[in-house]
Amino acid sequence: MKQSVTVSKSEEAKWLEGIKVVLSKLQFKTPTFNLKKIIVPVISIVAFIGIWYLGAEALRQREINFRVEKALTDQGQAAANALQACFASNESTCQTNTLPSPTQVWASVITLVNDYYVVKQDKLDFKNKTAAVNAKRIAAGKAPIVYTGRASFVDIVIRSLKTVFAGFLLAFFIAVPIGIVIGLSPTLRNAINWFIQIFKPVSPVVWYLLVFMIVKTLLIGTSSDNSFLISFISVGLCAMWATLVNTAVGVSTVDKDYINVAKVLKLGQLQKIFKIILPSSLPLIFTGLRITLSVAWMVLIAIELLAQSPGLGTFVWEEFQNGSSESNSKIIVAMFVIGIIGFLLDRFMLTIQNMVSFNKSEGI
Amino acid sequence: MSILEAETHIITQTAPEIETKELMLDLKNLKKVYPTPKGEYVVLEDLNLQIMKEEFVTIIGHSGCGKTTMLSMIAGLNEITGGSISVLGKPIKGPGPDRGVIFQAPSLMPWMTSLQNVLLGVNQVFPHATKAQRNDIAKYYLQKVGLEDAFHKKASDLSQGMQQRVGIARAFAIKPKVLLLDEPFGMLDSLTRGELQDILIEIWNKEKITAVMITHDVDEAIFLADRVVMMTSGPKAKIGDVLEIDFERPRTRKTVLEHDDYYRYRKHLIDFLEH
């Protein structure tokens, strides 16, 4: 009897032990929600918005104080009081022209989104209105009438993306082949090096002017809008250098062991290039392409602005010139959109890079 | 695959009957000079070495004595300053697949699978074979080095030891006349090194490809070789001494270690190196 009791006890203990083991394993295996990974960015975002809000508020107060004091000295107490009240009521006539607060920017986001639907409806109406006329025009062999009204913010972003992709492709098709050729031949590298070193640091504005001079002359007599052409060529030429240099470096510094293997196996020149040199320089080529894409996106704004190409660059500049109460917050919205798209483009390139090349790089 | 095995079987059977072996590799008055700002630096001078067909020679010597220089000259990857190197009586002209090399670093293309790495050489050496035949050759050698489960693994995903196994398979698969091994196991831990020595000697017993191997490891030198060549320290390094290893083949580590002559050989080599 006594014995059986002790046995059952020890069995109970075993059960408990077993459950504990299972529990501990379960705990170990369930992905412990890494709160740190979520909380830390959330805290930093909240802190960012907080600092932004306080900063914007301080700037607003500074401007209001200055203007109220100016009214006081110029027009007297009554005018100053009126102005103070006007600012406090937040009327559209009494807006400050300084850094907008997060709430103002959010309001602009909503305005821009609503505007997108308005423009979409406009386009639809236009299409319905001109459908019959256009059908006739096409039948008669004439070009259809196209919508030339106001563009929505989405259209503007798409225009910018098109420009940057066209510029990026141009850079790719110029820089990668040239990079490979000069990477393979030290003589050519020496011959072209001065050219690269001189043109690499040239500012986007100057590239634009150069391209403008050439394209304008080439297309002399034609009346078509060449702002897209000029802006994407300028973007491409401005951004291609990182890819050119990285490709040349990658191709010229292939691991000596790989080259020795190629020599021992007596691989032909083409096989050596396509089976060994290019795959081994892919990581560097892609690093170059990533830099090129981010530079392209960065210089795009300045170049679109100059070329009057209806993209984000022009949008930002026109809002700045416009000076309406909302324009400052629209500029900030454009800034965030530019930043987020730039980030997504970089991730996109990183994903492709990790798909095609052998050493995985972390995105920083 | 069966053809390959039959072929190698014939070689191992007929090997003992050949009394006078052919001269495979002949280094005559080999000299290597590197120009330096302070004048010429003579690495090797008056180096003479004859290696017979189906012989396994290990070369031992102090670091920096010019062993690797000599081996890369045989491979054709390093210019000859003076003297000559001939394979089967013909002076060598640059590198070529008749002299397979197993490098110290595995030197695999990390973006290729192990099969693709071996095929890189096989495709080059057997251009007239069908794709299936070439695949079979590559797979056969990968099996021989124990990588039958890793045909389609990327080289960058393999451990150092596994990578060097692919290196061995790649070198044997191109059926070279001479196999040059430049401290192939130098970067491996001692357990893996032992494993790879066994694999190497097992394949070599079948293929009997004339082999020249550089090593720092006295035991490795004795275990693998028919002859151990000792090089003097540089500059102007040459052959200092040659030790015949009379162990029967095929050998196992156990029989070698228990052999009466083992410690005599070992002492000979260590005496030379410490001299």
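Basis of the calculations
Residues numbered from 1 in each chain as written. Chains lettered and ligands numbered in written order. Predicted model: local features only at pLDDT ≥ 70, side-chain atom pairs only at ≥ 80, totals over all residues. Heavy atoms only, no water. Core = buried A, V, L, I, M, F, W, Y, C linked by side-chain atoms within 4.5 Å. Buried < 20%, exposed > 50% of the residue type's maximum accessible area, 1.4 Å probe, protein only. Helix = DSSP H or I, 4+ residues; strand = E, 2+ residues; numbered from the N terminus. Contact = heavy atoms within 4.5 Å. Domains from an automatic or database assignment. Pairing = 2+ DSSP bridges. Axes fitted to C-alpha atoms, helices over the stretch in contact; angles between N-to-C directions. Polar contact = N/O pair within 3.5 Å; in protein donor to acceptor, adjacent residues only side chain to side chain. Buried area = accessible area lost by both parts, 1.4 Å probe. Nonpolar A, V, L, I, M, F, W, Y, C, P; charged D, E, K, R; others polar.

S.K.: Help me understand the nonpolar core in this model?
M.R.: Buried together is how nonpolar side chains tend to be arranged in soluble globular proteins. Judged by nonpolar contacts, the single largest core of 101 residues is most densely connected at Leu312 of chain A together with Leu25, Leu27, Ile59 and Met70 of chain B. Tallying contributions element by element places helix H11 (residues 269-307) of chain A first for this core, with 15 residues. Apart from the residues lying within four places of it in its own chain, the contact partners of Leu312 of chain A are Phe153, Ile156, Val157, Ser160, Trp297, Ile301, Glu304, Ala334 and Ile338 of chain A. Counting 55 residues, the second largest nonpolar core, distinct from the first, contains Leu158, Phe172, Phe185 and Met230 of chain B.

S.K.: Where do I start with the domain arrangement of chain A in this structure?
M.R.: Many structure descriptions define interface size as the accessible area lost when the parts assemble. Its domain assignment divides chain A into domain 1 (2-89) and domain 2 (151-356). A straight line from the C-alpha centre of domain 1 of chain A to that of domain 2 of chain A covers 39 Å.

S.K.: Would you mind showing me how to read the sheet that holds strand E4 (residues 82-87) of chain B here?
M.R.: Two pairing modes exist for strands in a sheet, parallel and antiparallel, and in both the strands are linked by backbone hydrogen bonds. Residue and element names in this part refer to chain B. Ordered in space as E2-E1-E4-E5, the 4 strands form an open sheet in which the pairing is antiparallel. The open sheet terminates on both sides in strands that have one partner only, identified here as strand E2 (39-52) and strand E5 (90-91). As defined by bridge partners, E4 adjoins E5 across 2 bridges and the pair is classed as antiparallel. If you follow Val87 over to E5, its bridge partner there is Lys90. Packing of helix H2 (residues 67-75) onto the sheet brings it into contact with strand E1 (23-36), E2 and E4, and relative to E1 it is tilted by some 120°.

S.K.: For this particular structure, what's the right way to read the side chain of Asp115 of chain A?
M.R.: Residues and elements named next belong to chain A. On the secondary structure map, Asp115 appears in helix H4 (residues 102-139). Here Arg150 takes part through its side chain, which lies 2.7 Å from a polar atom of the side chain of Asp115. With near-sequence residues (within four places) excluded, Asp115 lies in contact with Arg150 and Ser152.

S.K.: Explanation requested: the interface of chain A and chain B in the structure shown.
M.R.: With 16 residues of chain A at the interface, the matching set in chain B holds 21 residues. Summed over both sides, the interface between chain A and chain B buries roughly 1700 Å², with carbon and sulfur atoms accounting for 73% of that surface. Of all the elements in the fold, those that place two or more residues in the side of chain A that touches chain B are helix H10 (256-264) and H11 of chain A. Classifying every residue of the side of chain A that touches chain B gives 8 nonpolar, 4 polar and 4 charged.

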